[in-house]
Amino acid sequence: MRVGFDTKTQAGEFRQVETVQGSGDVRPLAGAVTLGLAGVHLSGLNYSDRPEGTGLVVAEADQGTGHVPRETLKALADVAAYLPVK
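Predicted model only: the values in this text are computed from it and were never measured.

Asker: Sorry, what's going on with the overall build of the protein here?
Answerer: Of the regular secondary structure elements, the protein holds two helices and three strands. Start at the N end of the protein and walk to the C end: the helices and strands fall as β-α-β-β-α. The buried share of the protein, taken over its 86 residues, is 26%.

Asker: Mind showing me how you'd approach the sheet that holds strand 2 (residues 47-52) here?
Answerer: By way of backbone hydrogen bonds, the strands of a sheet pair with one another, either parallel or antiparallel. Reading across the sheet, the three strands line up as 1-3-2 and stay open at both edges, with antiparallel pairing between neighbours. A single partner strand is all that each edge strand has here, and the edge strands are strand 1 (2-4) and strand 2. Along the sheet, successive strands turn relative to each other by an average axial angle of 20°, direction set aside. Two elements, strand 2 and strand 3 (residues 55-60), share six bridges in a ladder whose sense is antiparallel. Residue pairing in the sheet places glutamate 52 in a bridge with glycine 55 of strand 3. Contacts between helix 1 (residues 8-18) and the sheet are confined to strand 1, strand 2 and strand 3, with strand 3 contributing the most and set at about 20° to the helix.

About the cut-offs
Residues numbered from 1 in each chain as written. Predicted model: local features only at pLDDT ≥ 70, side-chain atom pairs only at ≥ 80, totals over all residues. Heavy atoms only, no water. Helix = DSSP H or I, 4+ residues; strand = E, 2+ residues; numbered from the N terminus. Buried < 20%, exposed > 50% of the residue type's maximum accessible area, 1.4 Å probe, protein only. Pairing = 2+ DSSP bridges. Axes fitted to C-alpha atoms, helices over the stretch in contact; angles between N-to-C directions. Contact = heavy atoms within 4.5 Å.

Structure, rendered in structure tokens:
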């Protein structure tokens with residue numbers, strides 16, 4: 001997700017809050033229900049972000065079912081933060 005602001009300072013201040021684990025503002029996509037992943041909780045443990053102009057791109061990854069090593073989930077979040085956003 002990309003969150004935009006009027007200034008880079010505002011984006012930086014938001015980043016300080018956003019990087020606190022458990023802030024709880026990133027939610028699974030609405031399409032999660034279609035994928036059979038309704039009720040998936042994002043823990044915030046596998047988080048990555050990147051500044052983009054006066055905004056911040058935020059990505060999280062968590063497992064829906066089964067077991068995925070935490071290192072893999074963190075790597076997925078790192079890659080997702082660099083995917084193009086509209």
